[in-house]
Amino acid sequence: SAADVAAVHVAGLRDAETAGGRYLVCSRDQYSTLEIVQMVKAGAPEAATAIDLDAWLADEKVQKMTPKKPATDNRKARALLAVGDLEAPEKFVCEAARSLHERVAA
């Protein structure tokens, strides 16, 4: 999330031992297009009215898209922030979908 990215930047500026380090501030998992569609349908249905989830579920090519889980090692960023996990990506996918929907509708 933007809050996680900001927190890592602040911690990086505050803690001298972080100088020159790289911190992956992202989900540990990758998500398929289908999983993102399902997130939006569930969490921001007003932004997903044009999405035909049944068609997505019936598409064999879509069904074969299976991302790696876990895919990214974000332990270093989580340790710097002293958190068990970063904020859930579902929240931000839905916020982005709502924002796009509002801009298109305006």
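Residues numbered from 1 in each chain as written. Predicted model: local features only at pLDDT ≥ 70, side-chain atom pairs only at ≥ 80, totals over all residues. Heavy atoms only, no water.

Chemist: How do you make sense of the overall build of the protein chain when you look at a structure like this?
Modeler: Scanning the protein chain for helices and strands turns up 6 helices and 0 strands. Ordering the α and β elements of the protein chain from the N terminus gives α-α-α-α-α-α. Here the C-alpha atoms of the protein chain give a radius of gyration of 17 Å, more than 25% beyond the 13 Å that 2.2 N^0.38 yields for 106 residues. Here the C-alpha coordinates of the protein chain stretch approximately 50 × 35 × 20 Å along the principal axes. Per-residue burial for the protein chain yields a buried fraction of 18% across its 106 residues. In the protein chain, of all internal contacts separated by at least 6 residues, the share reaching a separation of at least 24 is 72%. A total accessible area of about 7,300 Å² is found for the protein chain, and carbon and sulfur atoms account for 57% of it. Of note, the protein chain has its 14 positive side-chain charges centred 6 Å away from the centre of its 16 negative side-chain charges. (Helix = DSSP H or I, 4+ residues; strand = E, 2+ residues; numbered from the N terminus. Rg over C-alpha atoms; globule rule 2.2 N^0.38 Å. Buried < 20%, exposed > 50% of the residue type's maximum accessible area, 1.4 Å probe, protein only. Contact = heavy atoms within 4.5 Å. Areas by Shrake-Rupley, 256 points an atom, 1.4 Å probe, with all protein chains shown as cover. Lys, Arg positive; Asp, Glu negative; His and termini not counted. Charge placed at Lys NZ, Arg CZ, Asp CG, Glu CD.)

Chemist: Please explain the nonpolar core as it appears in this structure.
Modeler: Among soluble globular proteins, nonpolar side chains are generally buried collectively. Residues Val 40, Ala 44, Ala 48, Cys 94 and Ala 97 constitute the largest nonpolar core, which totals 5 residues. With residues near it in sequence (within four places) discarded, Cys 94 still touches Met 39, Val 40, Gly 43 and Ala 44. (Core = buried A, V, L, I, M, F, W, Y, C linked by side-chain atoms within 4.5 Å.)

Chemist: What exactly am I supposed to notice about the packing of aromatic side chains here?
Modeler: A ring pair, where both rings are aromatic, is described by two values, the distance of the centres and the angle of the planes. Tallied over the full model, the rule gives 0 aromatic pairs. Sitting over the face of the ring of Tyr 23, Lys 76 holds its NZ or CZ atom 4.6 Å from the ring centroid. (Phe/Tyr/Trp six-rings, centres within 6.5 Å; stacked < 30°, edge-to-face > 60°. Lys NZ or Arg CZ within 6 Å of the ring centre and 35° of its normal.)

Chemist: Would you mind going over the state of the cysteines with me for this structure?
Modeler: Each disulfide consists of a covalent bond between the sulfur atoms of two cysteine residues. Here the structure, examined in full by the defined rule, presents 0 disulfides. Free of any disulfide, Cys 26 has its nearest cysteine sulfur in Cys 94, 19 Å distant. Since its relative accessible area comes to 6%, Cys 94 is described here as buried. (Disulfide = S-S within 2.5 Å.)

Chemist: Just to check I follow, could you spell out the side chain of Arg 78 for this structure?
Modeler: Position of Arg 78 among the secondary structure elements: in helix H5 (residues 75–81). Beyond its immediate chain neighbours, meaning those up to four positions away, Arg 78 contacts Arg 28, Val 83, Gly 84, Asp 85 and Leu 86.

Chemist: Could you clarify how one ought to interpret the side chain of Ser 32 in this entry?
Modeler: Relative to the helices and strands, Ser 32 resides in the loop between helix H1 (2–14) and helix H2 (33–43). Using a relative accessible area of 7% as the deciding quantity, one classes Ser 32 as buried.

Chemist: What is the right way to look at the environment of Ala 96 in this model?
Modeler: Of note, Ala 96 is situated in helix H6 (residues 89–105). When the C-alpha positions of Ala 96 and Tyr 23 are compared, they lie 23 Å apart, and in sequence the two are 73 residues distant.

Chemist: Just checking my understanding: could you explain unusual backbone geometry for this structure?
Modeler: Here the phi dihedral of Ala 82 falls at roughly 55°; this positive angle occurs in a residue that is not glycine. Take Ala 82: it is sitting in the loop between H5 and H6.

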